[in-house]
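# Analysis of the macromolecular model
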Amino acid sequence: QLQLVESGGGLVQPGGSLRLSCAASGNIASINVMAWYRQAPGRERESVALITKGGSTNYAVSVKGRFTISRDNVKNTVYLQMNSLKPEDTAVYYCNAKIFAISRQYWGQGTQVTVSS
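### Quick look at the pattern of salt bridges
Here the structure, examined in full by the defined rule, presents 3 salt bridges. E46 is the salt-bridge partner of R38, the closest N and O atoms lying 2.7 Å from each other. For R38, a relative accessible area of 6% corresponds to the buried category. The partner of D89 in a salt bridge is R66, with the nearest N and O atoms 2.8 Å apart. Here the residue D89 occupies a position in the loop between strand 8 (77-82) and strand 9 (91-99), and R66 occupies one in the loop between strand 6 (57-59) and strand 7 (67-72), the gap between them amounting to 23 residues. A single burial state applies to D89 and to R66, both of which are buried.

### Some remarks on the environment of W107
Tracing the sequence through the fold places W107 in strand 10 (residues 104-107). A sequence separation of 104 residues divides W107 from Q3, and the C-alpha atoms of the two residues are 7.9 Å apart. What W107 contacts, discounting residues up to four positions off in sequence, is L4, Y37, R45, Y94, C95 and N96.

### A look at the side chain of N96
Mapped onto the elements of the fold, N96 is located in strand 9. Among the polar contacts listed, one links the side chain of N96 to the side chain of K98, at a separation of 3.0 Å. Polar contacts involving the side chain of N96 include one to the side chain of Q105, which spans 3.0 Å.

Criteria and thresholds
- Residues numbered from 1 in each chain as written.
- Predicted model: local features only at pLDDT ≥ 70, side-chain atom pairs only at ≥ 80, totals over all residues.
- Heavy atoms only, no water.
- Salt bridge = Lys/Arg side-chain N within 4 Å of Asp/Glu carboxyl O.
- Buried < 20%, exposed > 50% of the residue type's maximum accessible area, 1.4 Å probe, protein only.
- Helix = DSSP H or I, 4+ residues; strand = E, 2+ residues; numbered from the N terminus.
- Contact = heavy atoms within 4.5 Å.
- Polar contact = N/O pair within 3.5 Å; in protein donor to acceptor, adjacent residues only side chain to side chain.

Right, dumping it as structure tokens:
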């Protein structure tokens, strides 16, 4: 089993920054990919960024150059640093972990990010 707990969301003005955190506990050693997704009202959930066990990263085109995903293996935490935020970044952000060996993925509870003046 795996538990994911997000934190760090909130209200920020356009052009501002936020850092989201996702603390993982449980069967951490089996995780192959950690990712951030987001879902805006009336829209499908979309992938924002991911980081593999080997440290490779990938970003959605809409956030490339503004968002950075990173991890702290000691704290078992993945971060999403979000800079130059835009109103269209407003969404609930979800942490995701994928374990390929058992074909499962796990989700956090989500954290709201609102970009508005």
